[in-house]
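Examining the three-dimensional arrangement
Residue strings, one per chain:
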Amino acid sequence: MKLPLHWRMLIALVAAVVAGVLFGDSEAFLQACGMVGALFLNALKMLIVPLILAALMNGLIGGAEQGGLGKLGALTFGFYVGTGLLAILTGLAWANLLTPGIVNGLPAAPLLGLSGDANAIVAQVQEKGTQDLWDVILRLIPTNPIGAAATGDMLGLVTFGLLFGWALSQLPGNLRDTQAAFWKGVYEAMVRIAALVMRAAPIGVFAIVTGTVAKTGIAALQPLAVFMLAVVAGLLTHAFVILPLVLKLVARVPAYGLHRAMTPALLTAFSTSSSNATLPLTMDCIENKAKVPRRVSGFVLPIGANVNTDGSALYECVAAIFIAQAYGLHLSFGAQFTVVALALITAIGVAGIPSASLVAITVILSAIGLPLEGVGLILAVDRVLDMCRTALNVLGDASATVVVARLSGEDGVLDQPALKSTG
Ligand code: ASP
């Protein structure tokens, strides 16, 4: 009997931690892991652009055919903003409760000892693009959609995809039908390639995580333990209390049914730290296990993977408060409000790739007047937390899909009969 994929991945994960600790100093082993991990990631990334476009086209054309695009859109964005805000407030509560930046009543900055090295890394982060708010807005409309696809500018690509899909849905009969058939074909082909790639997932996960464990080490994580605890507590609260409540009360599905259905995708998100790279698997789980029809998933998921990032928004908030605390800054209510608002807006611009939140954090830090070198404090633990927040990002997207499907009257989602009144 063949072990289900998520078990094989979990075993790979545990084996990777052991191997990372045991063989972390073997140059040749790490190099081999690096190569295998990069191949796996490349294969996943290869699918992103065609998959996002094809899924959007399917979703938009299908949605328009059933006459529900306006409602679908309003529901989707309402859900994104609502749950994003809940996530950030959860993070804020945990950061104020655990005060990770204060040790024995004193700001922790000296304890955490920023070295010259940290400054160099911060410069790197800045160089990556200290995008301000205006930049995020500007990227919403790409000057060249092919360029956006080629450079991985997902925000721009999604805007173009939305416009293109909407325009297609407006075309007369056979013009629209040809396009609908074409994009359906592209989507089906990509799904088949994705299934092929996923067979290699346990090997990919093993290779990637081994490298991370070998690089970060375990002792290096200690000084930032409370910060990590605050982030993880926040993420867990959102994943296991708030989202289940929303699923139960709003969508009226079993509170944890979705968690079970999404396990392979969540583990992939956890190991790749990229919700974009996880998208093929997220789609597979949501369609085949959670039984959400493609009309909804094709619309909600590709947008969500780039726009709806509950985990990242929560992380940004905790990180900014932590750094403020570490520098001995007491944030007023107004300043905390600024952090919340900025986390909500910049999280939209956080790409579904590893470490993307670091850039957003620099935006928040400069907005509240903190030195950007504060980012150096959290770099050491960023990768591990990135794994956790990415899993929540994916769970948030999946929840959005289920809620929107249920509220638009779909039957059979998580094996539940359609809601009686759809309002
Ligand atoms: N790695 C996250 C994702 O892919 C983004 C981030 O918060 O850095 O969803």
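Here the residue index of a chain counts from 1 through its sequence in written order. Under the rules for a predicted model, residues below a pLDDT of 70 receive no local features and side-chain atom pairs below 80 are neither given nor counted, while totals for whole chains, interfaces and linings still include all residues. No hydrogens and no water enter the side-chain calculation; it runs on all heavy atoms of the structure.

- As recorded by an unreviewed UniProt entry, the protein chain carries the name Dicarboxylate/amino acid:cation symporter and is attributed to Stagnimonas aquatica.

Considering the pattern of salt bridges
- In what follows, salt bridge is the name for a side-chain nitrogen of Lys or Arg lying within 4 Å of a carboxyl oxygen of Asp or Glu. One pass over the structure, following the stated rule, counts 7 salt bridges.
- Here Glu-188 and Arg-294 are joined by a salt bridge, their closest N and O atoms 2.8 Å apart. Taken together, the positions of Glu-188 in helix H9 (residues 173-199) and Arg-294 in helix H14 (residues 294-307) put the pair 106 residues apart, joining distant regions of the chain.
- Think of it in three bands: residues with accessible area under 20% of the maximum for their type are buried, residues over 50% are exposed, and the middle band is partly exposed, with areas taken using a 1.4 Å probe on protein chains only. Since its relative accessible area comes to 28%, Glu-188 is described here as partly exposed.
- Residue class for Arg-294 comes out partly exposed when judged on its relative accessible area of 26%.
- Among the ionic pairs, Lys-291 bridges to Asp-415, the shortest N-O distance being 3.2 Å. Here Asp-415 lies in the segment after helix H18 (374-407) and Lys-291 lies in the loop between helix H13 (275-289) and H14, a separation of 124 residues in the sequence.
- Owing to a relative accessible area of 37%, Lys-291 belongs among the partly exposed residues under this scheme.
- A residue is classified by how much of its surface remains accessible, and Asp-415, at 59% relative accessible area, is exposed. Secondary structure counts use DSSP, requiring at least four H or I residues in a row for a helix and at least two E residues in a row for a strand, with both numbered from the N terminus.

A few points about unusual backbone geometry
- In the Ramachandran plot, Ser-273 falls in the positive-phi region, its phi being about 55 degrees despite a non-glycine side chain.
- Examined against the element boundaries, Ser-273 turns out to sit in the loop between helix H12 (257-272) and H13.
- Overall, the relative accessible area of 1% leaves Ser-273 in the buried class.
- For Ser-355, which is not a glycine, the phi torsion comes out positive at approximately 65 degrees.

Focus on the site of the ligand
- Proximity is defined per residue: if any heavy atom of the residue lies within 4 Å of a molecule or strand, that residue is considered near it. Of all residues adjacent to the ligand, which total 16 residues, the nearest are Ser-275, Ser-312, Ser-357, Asp-386 and Arg-389.
- Nitrogen and oxygen atoms within 3.5 Å of one another constitute a polar contact, given that in protein one can donate a hydrogen and the other can accept it, and given that sequence-neighbouring residues count only through two side-chain atoms. Contact distances for the ligand include 3.0 Å between a nitrogen atom and a backbone N or O atom of Ile-353.
- One of the side-chain nitrogen or oxygen atoms of Thr-390 is found 3.1 Å away from a nitrogen atom of the ligand.
- Note on areas: Shrake-Rupley with a 1.4 Å probe; residue coverage comes only from the protein chains shown. Compared with its free state, where it exposes 270 Å², the ligand has 100% of that area covered by protein.
- Grid points spaced at 1 Å and placed over the protein atoms alone form the basis of the search, with a cavity being a set where a 1.4 Å probe fits but cannot get out and a pocket an open set showing protein on both sides within 12 Å along at least five of seven lines. Lining residues have an atom within 4 Å of a point. Any molecule with more than half of its atoms within 2 Å of a cavity's or pocket's grid points is counted as sitting in it. If you map the ligand onto the pockets, it falls in the largest cavity.
- Listing elements by their share of the shell around the ligand, those giving two or more residues are helix H17 (356-367) and H18.
- The element contributing the most residues to the shell around the ligand is H18, with 4 residues.

A look at the UniProt feature "transmembrane region" (unreviewed entry) in the protein chain
- UniProt positions are given in the numbering used here, feature names are shortened, and annotations may be inferred rather than shown by experiment. The UniProt entry lists residues 38-60, 72-95, 146-168, 189-214, 226-250, 333-353 and 359-381 under the feature "transmembrane region" (unreviewed entry), expressed in the numbering used here.
- Taken end to end, residues 72-95 comprises 100% helix and 0% strand; its first and last C-alpha atoms sit 35 Å apart.
- Between the C-alpha atoms that bound residues 226-250 the distance is 34 Å, and the span itself is 100% helix and 0% strand.

Some remarks on the confidence of the model for the protein chain
- Confidence scores labelled pLDDT are given residue by residue by the predictor and lie between 0 and 100. Mean pLDDT over the protein chain works out to 82, with 86% of the residues at or above the 70 mark.
- The least confident element of the protein chain, judged by mean pLDDT, is helix H5 (residues 116-127) at 43; the most confident is helix H11 (residues 225-251) at 95.
- Contacts are assigned to residue pairs that have any heavy atoms within 4.5 Å of one another. Under a pLDDT of 50 for its full length, residues 114-131 has, in the predicted model, 25 contacts with residues more than four places off or in other chains.

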